[in-house]
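Each chain is listed here by its residues.
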Number of protein chains: 2
Amino acid sequence: MPAIARYSLSLSAVCAMPADRLPRLRLALAESGLDGLVLIPGSNLRYLTGFTPMLSKRVVLAVFPAADRPPALALPRLEAPGVRAHLGEAVTYHPWDDATGPDAAVEAALRQAGLTGTVTLGVEFAAMRVQDLRALERAAAALGGRVDVRDATQLIGRMRMVKDADELAAMEAAARVVEEALQRTIEQIAVGKTERELAAFCANAILAAGAEGLSFDAFVATGPNTANPHHEPGDRPVQAGDLVMIDCGAVVGGYASDITRTVAVGDPGEDARRIYDVVRAANAAGKRAVHPGATGEAIDRATRAVIEEAGYGPYFVHRTGHGLGMETFPCHEYPDIVQGSTDPLPVGTTFTIEPGIYLEGVGGVRIEDDVVVTPDGHRSLTHFPRDLMVLTP
Amino acid sequence: MPAIARYSLSLSAVCAMPADRLPRLRLALAESGLDGLVLIPGSNLRYLTGFTPMLSKRVVLAVFPAADRPPALALPRLEAPGVRAHLGEAVTYHPWDDATGPDAAVEAALRQAGLTGTVTLGVEFAAMRVQDLRALERAAAALGGRVDVRDATQLIGRMRMVKDADELAAMEAAARVVEEALQRTIEQIAVGKTERELAAFCANAILAAGAEGLSFDAFVATGPNTANPHHEPGDRPVQAGDLVMIDCGAVVGGYASDITRTVAVGDPGEDARRIYDVVRAANAAGKRAVHPGATGEAIDRATRAVIEEAGYGPYFVHRTGHGLGMETFPCHEYPDIVQGSTDPLPVGTTFTIEPGIYLEGVGGVRIEDDVVVTPDGHRSLTHFPRDLMVLTP
């Protein structure tokens, strides 16, 4: 393929700049004692502005001041028209050329944002690269100051975990799409169909149902393979008596769904029926534990208690769930639904509840729903039936 | 999907630690005045050791001292067994736990590598993240010193651009595989077949021919769409008189091929035939310009001269080629075959030569080969015929 400088437009860019996010960000920055936030391209930038360029080896820095000024964007000149087409005049543009490098543009962006002198800036420690940091440091020095960077991963993660009405609408749509595809995939299950065939069908069904993408590669495990929660779909054909586990998700309007159901093909046996009932009860107990102010740890404890009381504690080998929104596996969003997750969860927080039991020689069961915290407790975004479906082999 | 800590084994890990790369690295480090190199997971780490863990949010740092000592690896404890299974005792392991964090492990790795006190270390500015840099800085401070980091992107890029016999064998195999798939794809071209269908067929044919992966998504453009060098394959069906451009690549043994051919379905017209001849001559001129010590700039000039002399200069809108090896589009390897690329290219350097002309209203032609610098000049790794193939519509 030839290498051509070109506009790097994100296909998922659909929204105008969301109105309330910058005020919320400014508040969070002020509370954290930060003078501003500096992002590289990625979902955090898309969250705050409604659009992100693609990440490349060229420096793109978006400067969000804590003060009430517009964000300032230092970016390669070739990308400026494409970004401006999405963001218009809501941000200021500070383009740079390969011939001169990014320094003057980053300096101009900091100056425009009022961040001269010595400043404390939040950045994403797990994303920003040394070249971006160095560009920021050189610009601050050129402005006669110094930049002290702090990790802002939590700050913006906590903002993003609480969804607004538009985000929830996208997530509901993503849930509808994946449930339609799940239904169609279950209808395809028959003795002789392989995991790989079913996974491919599921992926196509998600796209056919209107998704702009998959949350992650569709997962299908059959029979003994269901005992491995991260099995890679392979050539094993469905056999009578199998459990079949399907874990899949759709992206709609930039937001993801994520659902798992486990069905049986003919009678899966008494042990499998028993773990199914336990997991179903654990899923329900987890949801009952969701209310404003609940912690991820408490919700995890609620599902785990059901499984432990039934004697299967050691076979629930993963956390109860993870945050859900713009990020898809494996970059899960806040909050973690796991021991040690002690932040109280506000109304609007979205996450999965997906207890599972994985038993060598019997098989595995996982039942996963997407939920949002509501003033009354919770609402499940996924409604697919949770009774054990026993398909005729 | 549930989040589970698990071994992150790269599927492309096949080779034992390559024998001569560490000595070459030590020499390059010494020449650059660096005390060592520190890498995060990625293809540079795989190049030096034969294996890389996957990149995650957990800190993995591989420390390569300039002195004759083994590399030292700080990594999450859960990943250690999987990495050790590949690298054995060729490196030292310094595992860390989530409960305590990576600092003591990074400190132990630096100490093991003899990098105490104030040290100058090469790192990848376009890859290493702030969290990795900070971990390194804290470890150096704990050892009573300080770390001064320099960008080692060029240093290791120049090492990697010169391939050894094993690497060339993998690249020849990758060329054979993609040529088989290209042949089969061309046989599929027929009036009514869409770009998307042909691209999907090509991708499957590459895998069926024995590739472990695609170098990039197979590219197919038809008719007027060939005038856009980065067209996205769509639903346009092939029509009589079309040019059809196919750009595709296979990964074999961790190394990539990358080839483009443009064919005609029935008579494409005189203008199309003319640009075909010009591009074919430019491709040949580029290859003739390859010899030990030639520069990327000179090779670019050679192809461009042919196209400019024919009056199509403004329609050759991209560089002549890019380095080829472990990296696939868009992270091209050294060297760039473009104006400003002034490093003399040694024997064993591999890159593409892919001139093109893109003419609105007529269509586009690109002919791409993969070449290696030899003592005599060059050898093309791709042998697919370059005469205009005119298919019966």
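Residues numbered from 1 in each chain as written. Chains lettered and ligands numbered in written order. Predicted model: local features only at pLDDT ≥ 70, side-chain atom pairs only at ≥ 80, totals over all residues. Heavy atoms only, no water.

On to the overall build of chain A. Looking only at helices and strands, one finds 10 helices and 20 strands in chain A. Relative to the globule expectation of 21 Å for 393 residues, the C-alpha radius of gyration of chain A, 23 Å, shows essentially globular dimensions. Dimensions of chain A, computed from the C-alpha atoms along their principal axes, are close to 75 × 50 × 30 Å. Counting over 393 residues, chain A shows a buried share of 59%. Accessible surface, chain A as shown: approximately 14900 Å² in total, 52% of it carbon and sulfur. (Helix = DSSP H or I, 4+ residues; strand = E, 2+ residues; numbered from the N terminus. Rg over C-alpha atoms; globule rule 2.2 N^0.38 Å. Buried < 20%, exposed > 50% of the residue type's maximum accessible area, 1.4 Å probe, protein only. Areas by Shrake-Rupley, 256 points an atom, 1.4 Å probe, with all protein chains shown as cover.)

All names here are of chain A. Segmentation of chain A into domains returns domain 1 (2-159) and domain 2 (162-391). Contact with domain 1, which involves 12 residues of that partner, is made by 10 residues of domain 2. Surface buried jointly by domain 1 and domain 2 totals about 960 Å² across both partners, of which 44% is contributed by carbon and sulfur atoms. Connecting domain 1 to domain 2 are 3 salt bridges. Two residues, Asp 343 and Arg 158, come together in a salt bridge whose shortest N-O distance is 2.7 Å. Linking domain 1 to domain 2 there are 3 residue pairs in polar contact (both at pLDDT 80 or more). Residues belonging to the side of domain 1 that touches domain 2 are distributed by class as follows: 2 nonpolar, 5 polar and 5 charged. (Domains from an automatic or database assignment. Contact = heavy atoms within 4.5 Å. Buried area = accessible area lost by both parts, 1.4 Å probe. Salt bridge = Lys/Arg side-chain N within 4 Å of Asp/Glu carboxyl O. Polar contact = N/O pair within 3.5 Å; in protein donor to acceptor, adjacent residues only side chain to side chain. Nonpolar A, V, L, I, M, F, W, Y, C, P; charged D, E, K, R; others polar.)

Let us now look at the nonpolar core. Judged by nonpolar contacts, the single largest core of 56 residues is most densely connected at Leu61(A), Met128(A), Leu136(A), Leu61(B), Met128(B) and Leu136(B). If we ignore the near neighbours within four places in the chain, the residues touching Met128(A) are Val38(A), Ile40(A), Leu61(A), Val123(A), Leu133(A), Leu136(A), Met128(B), Arg129(B) and Val130(B). (Core = buried A, V, L, I, M, F, W, Y, C linked by side-chain atoms within 4.5 Å.)

For the rest of this paragraph, the subject is the side chain of Thr352(B). All names here are of chain B. Structurally, Thr 352 can be placed in strand 15 (residues 350-353). In this structure Thr 352 comes out as buried when scored by relative accessible area, which is 0%. Among the polar contacts listed, one links the side chain of Thr 352 to the side chain of Glu 354, at a separation of 2.9 Å. Those residues in contact with Thr 352 that lie beyond four places of it in its chain are Asp 258, Thr 320, Gly 321, His 322, Leu 324, Ile 337, Glu 368, Asp 369 and Asp 370.

We now examine the packing of aromatic side chains. Scanning the model with the defined rule gives 0 aromatic pairs over all chains in all. One cation-aromatic arrangement involves Arg366(A) over Phe219(A); the distance from NZ or CZ to the ring centre is 5.6 Å. Sitting over the face of the ring of Phe316(B), Arg304(B) holds its NZ or CZ atom 4.0 Å from the ring centroid. (Phe/Tyr/Trp six-rings, centres within 6.5 Å; stacked < 30°, edge-to-face > 60°. Lys NZ or Arg CZ within 6 Å of the ring centre and 35° of its normal.)

The next point concerns the packing of helix 4 (residues 103-112) of chain B against helix 5 (residues 130-142) of chain B. Residues and elements named next belong to chain B. One way to put it is that helix 4 packs onto helix 5 with a least axis distance of 8 Å and a crossing angle of 65 degrees. Relative to helix 5, helix 4 is oriented roughly perpendicular. For the pair helix 4 and helix 5, the sense of crossing is right-handed. Taking contact as the criterion, the partners of Asp 103, Val 106, Glu 107 and Leu 110 in helix 4 are, on helix 5, Ala 135, Leu 136, Arg 138, Ala 139, Ala 140 and Ala 142. Classifying every residue of the contact of helix 4 with helix 5 gives 7 nonpolar, no polar and 3 charged. (Axes fitted to C-alpha atoms, helices over the stretch in contact; angles between N-to-C directions. Parallel < 35°, antiparallel > 145°, perpendicular 65-115°, else oblique. Left-handed = near helix turned anticlockwise from the far one by under 90°.)

All right, on to unusual backbone geometry then. Residue Pro335(A) follows Tyr334(A) across a cis peptide bond; omega there is -10 degrees. Within the fold, Pro335(A) resides in strand 14 (residues 333-337).

Going through the model one piece at a time under the given rule, you end up with 58 salt bridges over all chains. As a salt-bridge pair, Arg176(B) and Glu172(B) come within 3.5 Å of each other at their nearest N and O atoms. Within this pair, Arg176(B) and its partner Glu172(B) are both found in helix 7 (residues 165-188), separated by 4 residues, close to a single helical turn. Overall, Arg176(B) belongs to the partly exposed group, its relative accessible area being 34%. Salt bridges sharing partners connect three or more residues here, namely Glu172(A), Arg176(A), Glu179(A) and Arg379(A).

In this section: the sheet that holds strand 6 (residues 147-151) of chain A. All names here are of chain A. Pairing is mixed in the open sheet, where 6 strands are placed in the order 4-3-2-1-5-6. Two strands in the sheet have a free side with no partner beyond their single neighbour: strand 4 (92-96) and strand 6. The average angle at which neighbouring strand axes cross in this sheet is 25 degrees, direction not considered. Here strand 3 (residues 72-76) runs beside strand 4; their pairing, made up of 5 bridges, is parallel. Bridging across to strand 4, Ala 74 finds its partner in His 94. In this fold helix 3 (residues 80-87) packs onto strand 3 and strand 4, with an angle of close to 145 degrees to the strand it touches most, strand 3. The strands touched by helix 5 (residues 130-142) within the sheet are strand 1 (36-39), strand 2 (61-65), strand 5 (119-123) and strand 6, with strand 6 carrying the most contacts at an inclination of about 145 degrees. (Pairing = 2+ DSSP bridges.)

Turning our attention to helix 8 (residues 195-208) of chain B. Residues and elements named next belong to chain B. Taking 1.5 Å per residue, 14 residues should reach 20 Å; helix 8 reaches 20 Å between its end C-alpha atoms and fits that length. Within helix 8, burial applies to Glu 195, Leu 198, Ala 199, Cys 202, Ala 203, Ala 205 and Ile 206. The buried residues of helix 8 occupy one face: seen down the axis, they fall within an arc of 165 degrees. Residues Asn 204 and Ala 208 are exposed on helix 8 and point more than 90 degrees away from its buried face. In this fold, the buried residues of helix 8 make contact with helix 7, strand 7 (213-214), strand 8 (219-222), strand 9 (243-248) and strand 10 (250-252). Two residues or fewer after helix 8 comes Gly 210, characterised by a positive phi angle close to 115 degrees. (Expected span 1.5 Å × (residues − 1). Arc of directions from axis to C-beta.)

What follows concerns helix 6 (residues 153-161) of chain B. The complete set of buried residues in helix 6 of chain B reads Leu155(B), Ile156(B), Gly157(B), Met159(B), Arg160(B) and Met161(B). Buried-residue contacts for helix 6 of chain B involve helix 1 (21-31), strand 1 (36-39), helix 2 (43-49), strand 14 (333-337) and strand 15 of chain B.

All names here are of chain A. For strand 3, the tally of buried residues reaches 5 of 5 residues, placing the bulk of the element in the interior. Of the pairings in the sheet, the one linking strand 2 to strand 3 comprises 3 bridges and is antiparallel in character. Opposite Ala 62, over in strand 3, you have Leu 73 as the bridge partner. Hairpin geometry of strand 2 and strand 3 is characterised by an intervening segment of 6 residues between the two adjacent antiparallel strands. Remark: the strand 3/helix 3/strand 4 crossover connection has right-handed handedness. (Right-handed = clockwise from strand over helix to strand, strands pointing away.)

Our focus in this paragraph is the environment of Ala205(A). All names here are of chain A. Assignment of secondary structure puts Ala 205 in helix 8 (residues 195-208). Measuring from C-alpha to C-alpha, the distance between Ala 205 and Val 177 comes to 9.0 Å, with 28 residues separating the pair along the chain. Aside from chain neighbours lying at most four places away, what touches Ala 205 is Ala 181, Arg 184 and Thr 185.

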